[in-house]
Amino acid sequence: MSVDHSVDQPNDAHGHEHPKHELSAVARRVYAIRELLLEKGLLTEHDIRCQIEYQEARSPANGAKIVTRAWIDPAYKSRLIADPKAACLELGIDATSINEFVVLENTEKVRHMVVCTLCSCYPRPILGRPPDWYKSFNYRQRSVNDPRGVMREFGLVPPDDVEVRVHDSTADIRYLVLPLRPQGTEHLSVTELEKLVTRDSMIGVMDALPTVPK
Amino acid sequence: MSASRAKFKAGDRVQVRFEDRPGHIRTPWYIRGKTGWVERIHGEFLNPESLGHGGDGLPKKVLYLVAFQQGDVWQRYAAKRDKLLVDIFEHWLEPAN
Amino acid sequence: MARGHHDIGGLSGAGPIDQSQHELSDWEILADAINQALGAKGIRRTDELRRVREEMESGAYHDMSYYERWIASMETILIEKKILTRDEIDRKLAEFEKKWGEP
């Protein structure tokens, strides 16, 4: 007996639900493709659900854990830079699906910024899905030749004596920026420190927040 | 990290080939013909130019982190210390003088 | 030959970065999940999908939204690999559209 996956069922995708007849000509095709792949046994509902759950489990909170640990534990930071995937596993974060993972450490004199000009490569196994702006044409075009202009839009203005290093991740490498620990945060708890580490600071368009947001 | 078959080592000055050929190329247009230096040898990876067309990606190619002075890539770039770093496969690089 | 329409690093004329974020729709989450699942099963390689996107007609590439591009290239690769045909996708969609109806 075949199950009709077309009509609205207990939803395994937890997004904003559109009445299907309102979807664009391209968007609606995903439902036909899903049904056919299921009918032909190429994918199962379980396969699809697993991917949805995998993605939902990944978010910038993972990155914040890693960064905060590196801030408070210099030995961990060394391990993180030497072997990022192993260091992530120490914290229960599974980055094994990344072919090659590199952590870029910001300092007082260096700021890193990451882009994929050719598409939208991003360290998804750590941070989850990239933000819309990261995938936008404007970001992909400008980050390589005007990184300081981009940073300025995000509120970051590095002085001229700071070196800005833009990484275009064109191949198998995925990059995570390790932002600088803000001054005057020695007294903060781990939970508070994690709140300073924004997703955008791990892409490199801004520094970590200077104070814990309310 | 090093790859035993790597043609270049960290510090070597390299020029990106200026080639205009069809296919699934992961060397961005803006960097072709530019000269920089090897920062790091990432290791050997499957060749995307083969994978993109259903090939098996073999033989693996050495992938480098190549750094450029921003002022050497763009006609007008103000901040003199800034760098641009691109992951480039060995077959797109030539020794530079 | 010329630079691909996707190869846009450094092109002039780009404006300010729109920092707004849209909540993903069901169909986008589904597109993402099916795409990842096809990769996990080895049915398609990431570079094949990228290549198909690059071969897309330039106007279509720029007019479609991010996940629409994914769906279009996923469909193309499945047809290229003779896993599905355009005709059967069209027919299945037509079946669904009857049920979805119009308000």
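All of these numbers come straight from a predicted model, not from anything done at the bench.

Caption draft 1: Structural view of the overall build of chain A. Helices and strands together make up the secondary structure of chain A, namely eleven helices and four strands. In terms of principal-axis extent, the alpha carbons of chain A reach across some 65 × 35 × 35 Å. In chain A, which comprises 214 residues, the proportion classed as buried is 43%. Relative to all contacts within chain A whose residues are 6 or more apart in sequence, the contacts with residues 24 or more apart total 67%.

Caption draft 2: The arrangement of the interface of chain A and chain C in detail. Taken together, the contacts link 51 residues of chain A with 50 residues of chain C. Counting residues per element, the ones that place at least two in the side of chain A that touches chain C are helix 1 (29–39), helix 2 (45–56), helix 7 (132–135), helix 8 (137–145) and helix 9 (147–153) of chain A. Considering each element in turn, the side of chain A that touches chain C owes the most residues, nine residues, to helix 1 of chain A. Tallied by class, the residues present in the side of chain A that touches chain C amount to 23 nonpolar, 15 polar and 13 charged.

Caption draft 3: Highlighting the interface of chain B and chain C. Between chain B and chain C, the residue contacts involve 13 residues of the former and eleven residues of the latter. Partitioning the side of chain B that touches chain C into residue classes produces seven nonpolar, four polar and two charged.

Caption draft 4: Examining unusual backbone geometry more closely. The amide bond that connects B:L58 to the next residue, B:P59, takes the cis arrangement and shows omega of -5°. As for its position among the elements, B:P59 is in the loop between helix 1 (48–51) and strand 3 (61–69). If you check the backbone angles, C:K82 has positive phi at about 60° while not being a glycine. Within the secondary structure, C:K82 is located in the loop between helix 4 (66–80) and helix 5 (86–100).

Caption draft 5: Structural view of the domain arrangement of chain A. Considered domain by domain, chain A is made up of domain 1 (20–56) and domain 2 (60–203). Each of domain 1 of chain A and domain 2 of chain A was reduced to a C-alpha centroid, and the two centroids are 32 Å apart.

Caption draft 6: Summary view of the nonpolar core. Grouped together as the largest cluster of nonpolar side chains are 64 residues, with contacts concentrated most on A:V67, A:V177, B:V66 and B:I88. Not counting residues up to four positions away in its chain, the partners in contact with B:V66 are B:V14, B:G36, B:V38, B:E39, B:L85, B:V86 and B:I88. A:A27, A:L37, C:L38 and C:M74 belong to the second-largest nonpolar core, a separate cluster that totals 31 residues.

Analysis parameters
Residues numbered from 1 in each chain as written. Chains lettered and ligands numbered in written order. Predicted model: local features only at pLDDT ≥ 70, side-chain atom pairs only at ≥ 80, totals over all residues. Helix = DSSP H or I, 4+ residues; strand = E, 2+ residues; numbered from the N terminus. Buried ≥ 20, exposed ≤ 12 C-beta atoms within 10 Å, placed from the backbone. Contact = placed C-beta atoms within 7 Å. Nonpolar A, V, L, I, M, F, W, Y, C, P; charged D, E, K, R; others polar. Domains from an automatic or database assignment. Core = buried A, V, L, I, M, F, W, Y, C linked by C-beta atoms within 7 Å.

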